[in-house]
Amino acid sequence: MPKRAVVALTALFVAGCGGEKEAARAPAPAATPTGPVLTVTAPPSGSGRFHYDRRRLEAPAGPVTFAIVNRDRWGHNIRIQTGRKCCFDDGHVDLGGTDTAQPGQTLKATVKLEPGRYFFVCAFPSHWGDGMWGRLTVRG
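Heads up: these notes are all about the structure in this document. As the structure is a computational prediction, the values presented were derived from the model and not from experiment. (Residues numbered from 1 in each chain as written. Predicted model: local features only at pLDDT ≥ 70, side-chain atom pairs only at ≥ 80, totals over all residues. Heavy atoms only, no water.)

1. Let's talk about the packing of aromatic side chains
- With the rule as written, the count across this model stands at 3 aromatic pairs.
- Plain terms: the ring middles of Y52 and F120 are 5.5 Å apart, the flat faces sit at 40° to each other, and that makes the pair tilted. You can see Y52 sitting in the loop between strand 1 (37-42) and strand 2 (56-60) and its partner F120 sitting in strand 7 (residues 116-121), a full 68 residues away along the chain. The burial state of Y52 is the same as that of F120; both residues are buried.
- With centroids separated by 5.9 Å and ring planes inclined at 65°, the aromatic side chains of F119 and W133 adopt a geometry described as edge-to-face. (Phe/Tyr/Trp six-rings, centres within 6.5 Å; stacked < 30°, edge-to-face > 60°. Helix = DSSP H or I, 4+ residues; strand = E, 2+ residues; numbered from the N terminus. Buried < 20%, exposed > 50% of the residue type's maximum accessible area, 1.4 Å probe, protein only.)

Structural data, given as structure tokens:
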């Protein structure tokens, strides 16, 4: 075999091996949440009332991820409820939501929703009773 052919084949072999190593090191694509992500923040309450930073949310029907960012010194969550009036009204149904986010934590939960109107609430009685709730509209 001529010397040039050996050099050319060696170069192709080395280039091919290097490419495989690079492909093996490439990071996997980041996982994306299912559906839109709606984020609400629990701001510092100080000596004031508990509340979220938003009173209205809107999303398309299907899976929706809810995130609570807790900047307060108390634990808070976000729960999605059906019902004619807020909160924990007779006949309401809790559809799901986050666990309690401790101070400084951010938690997420995904809930599958049909078109309609819902409430998002902090499930602690003194919190939603203080005004920590809002309306969620889900479009079809």
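2. Looking at the sheet that holds strand 3 (residues 62-70)
- Spatially, the 3 strands line up as an open sheet ordered 1-3-6, and their pairing is mixed. Since the sheet does not close on itself, it has two edges, and those belong to strand 1 and strand 6 (106-113), each with one partner. On average, each strand axis in the sheet is inclined to that of its neighbour by 25°, with strand direction left out of account.
- As paired elements, strand 1 and strand 3 share 6 bridges and run parallel to each other. The partner of A42 across the bridge, within strand 3, is N70. (Pairing = 2+ DSSP bridges. Axes fitted to C-alpha atoms, helices over the stretch in contact; angles between N-to-C directions.)

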